[in-house]
Amino acid sequence: MINKKPLTKKLAELDRITKMLVRRDLVLSEMQEKRETELIETDRIAKTLIKRDLELSETREKREKEFQELEKRTKELEDSRRALMNILEDVEEARGMATKERDKTLAIITNFTDGLLVFDRKNKLSLVNPRAEEFFKIKGQDTIGKGVAKLLKIASLKPLMKLLARETKGIFRKELNIRKNLILEASTVPVMREKERLETLVILHNITREKAIEKMKTEFVSLAAHQLRTPLSAIKWTLRMLLDGDLGKITEEQRDLIEKTYSSNERMISLINDLLDITRIEEGRYLYKPALARVENVVQFVVNSYREEVKKRKLKLEFKKPKDKLPQSKIDVEKMRLAIQNLLDNAIRYTPAGGKVTVTIKHVKKEIEVSIKDTGIGISKDQEARTFGKFFRGANAIRMETEGSGLGLYITKNIIEAHGGKIWFESEKDKGTTFYFTLPTKG
């Protein structure tokens, strides 16, 4: 009979071991699950930490960039502050310099020997210096801010204000007879910015002394010319009687000498007449008989009078005029003949043999334009500005023709301008000159 007791014991032991193994497996399973859970949690925490580190890194980089930007802006602000301080210093310095310049300018204006008036864009007086106050016997405080219309009511300012009312648009220069022993030369200069007129500066120069001297000189020339003309006329007629044989026969040698003397005397008489013309021009009493006439008839008369002279000098003279009649002009025919004669005489005299002189007359808008063109010696560029001056003759003209007073063009210019016309010229040395003048028409 088998003994069951050990077997039972072994089975119990085996059962115990099995239970222990089952328990161990359960524990191990629980531990495995717990470990897996812990690994998952650890992984989550690790990811969270990594994410946080990334976020912190990004935040740090962002903060570093913000800090760098802040530093940059701080530096820029500091630079701006320094620049602004420099600008303020420059502005302060410029302000100081501007103040000095203003004071200096005001000192100059105050002590300026000429009178100064400044009108704003509305033609209201904005500045008057002491010299101007003295000229017009006014006080600046009573006139500043007033317009031309109100200033016209002040008797001493009336001549100037009348002039300004007509001429304020541009630069001009006029003489003003303010009162006895006070003649002023008024000049205006517009102060412009681009094309806009900001102010008008009026400069008043006292020319009383110059006018007195000029008057004395004119009176002296007039007196001397009149005193000389009488004996020269007597000499002329005496020589003419000798040449005509009224005082007996003369030899050829005597005739030659007398003719030379007669010619020189004629030149003296011509010079005296020119001097008298100048005194009349300067006294403003040169035009005697202005009347309506056709300028082309006056030009034709002068051209015809030079036909023989042109042939002698072997020149060609051409007169061009329109077929239709030109409008009339109000002119002093005698003086206009003299003006045209002076221009034509110069053209003929200073054109070498074989040359040509062309006289042209035409109607341009509301004016008659006359031109006298030659192929002569011309005028040097450096002498053009003096061409219409008294007693001026070009160096090349003197070499070609030693005789001449240098008064012809001066007289011509004054005659043309006295008629309300203009005169000018174009010239090229050794090629010729063209003189032009215009006269206003009537009707």
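Residues numbered from 1 in each chain as written. Predicted model: local features only at pLDDT ≥ 70, side-chain atom pairs only at ≥ 80, totals over all residues. Heavy atoms only, no water.

A separate point is the environment of Leu276. Take Leu276: it is sitting in helix H7 (residues 252-282). Judged by relative accessible area, Leu276 falls into the buried class, the value being 1%. Considering only alpha carbons, one finds Leu276 and Leu70, 206 residues apart in sequence, at a separation of 92 Å. For Leu276, the residues in contact, after removing those within four places along its chain, are Ser222, Ala225, His226 and Arg229. (Helix = DSSP H or I, 4+ residues; strand = E, 2+ residues; numbered from the N terminus. Buried < 20%, exposed > 50% of the residue type's maximum accessible area, 1.4 Å probe, protein only. Contact = heavy atoms within 4.5 Å.)

A word on the sheet that holds strand S10 (residues 367-374). With mixed pairing, the 5 strands of this open sheet are ordered in space as S7-S9-S10-S12-S11. Across the chains shown, the open sheet's two edge strands, defined by having one partner strand only, are strand S7 (316-320) and strand S11 (422-428). Direction aside, the axes of adjacent strands within the sheet are offset by 10° on average. Bridging between S7 and strand S9 (residues 356-364) involves 5 bridges; their strand directions are parallel. Among the inter-strand pairings, Phe319 is bridged to a residue of S9, identified as Val359. (Pairing = 2+ DSSP bridges. Axes fitted to C-alpha atoms, helices over the stretch in contact; angles between N-to-C directions.)

Pairing in this open sheet of 5 strands is antiparallel, and the strands run S2-S1-S5-S4-S3 from one edge to the other. Bordering the open sheet on either side are strand S2 (125-128) and strand S3 (172-179), each of which pairs with just one other strand. For this sheet, the mean inter-axis angle between neighbouring strands, taken without regard to orientation, is 25°.

It is worth spelling out the packing of aromatic side chains at this point. Within the structure shown, the criterion is met by 4 aromatic pairs. Taken together, a centroid distance of 6.1 Å and an interplanar angle of 85° make the contact between Phe388 and Phe435 edge-to-face. Placement of Phe388 in the loop between S10 and helix H11 (395-400) and of Phe435 in strand S12 (residues 432-440) is noted, with a sequence separation of 47 residues between them. For Phe388, a relative accessible area of 14% puts it in the buried group. Between Phe425 and Phe435 the ring centres are 5.3 Å apart and the planes differ by 35°, which places this aromatic pair in the tilted class. Here Phe425 is found in strand S11, whereas its partner Phe435 is found in strand S12, with 10 residues between them in sequence. (Phe/Tyr/Trp six-rings, centres within 6.5 Å; stacked < 30°, edge-to-face > 60°.)

What follows deals with the side chain of Thr200. Along the chain, Thr200 falls in strand S5 (residues 196-206). Classification of Thr200 by relative accessible area gives buried; the value is 4%.

Counting 47 residues, the largest nonpolar core has Val299, Met336, Leu344 and Phe437 as its most contacted members. Sorting elements by how many residues they give to this core places helix H10 (residues 333-349) first, with 7 residues. What Met336 contacts, discounting residues up to four positions off in sequence, is Val298, Ile331, Ile415, Ile416, His419, Phe437 and Leu439. Membership of the second largest hydrophobic core comes to 23 residues, among which are Phe119, Val128, Ile138 and Leu204. (Core = buried A, V, L, I, M, F, W, Y, C linked by side-chain atoms within 4.5 Å.)

Before going further, it helps to examine the packing of H10 against helix H12 (residues 408-418). Think of two packed helices as two axes; the pair is described by the angle between the axes and how far apart they sit. Packing of H10 against H12 leaves a shortest axis separation of 9 Å and a crossing angle of 140°. By the angle between their directions, the pair H10 and H12 is classed as oblique. Pair H10 / H12 crosses with left-handed handedness. For the pair H10 and H12, contact is made by Lys335, Met336, Leu338, Ala339, Asn342, Leu343 and Asn346 and by Gly408, Leu409, Ile411, Thr412, Ile415 and Ile416, respectively. Looking at the contact of H10 with H12 residue by residue, the class counts come to 8 nonpolar, 4 polar and 1 charged. (Parallel < 35°, antiparallel > 145°, perpendicular 65-115°, else oblique. Left-handed = near helix turned anticlockwise from the far one by under 90°. Nonpolar A, V, L, I, M, F, W, Y, C, P; charged D, E, K, R; others polar.)

These figures come from the coordinates and say nothing about function on their own.
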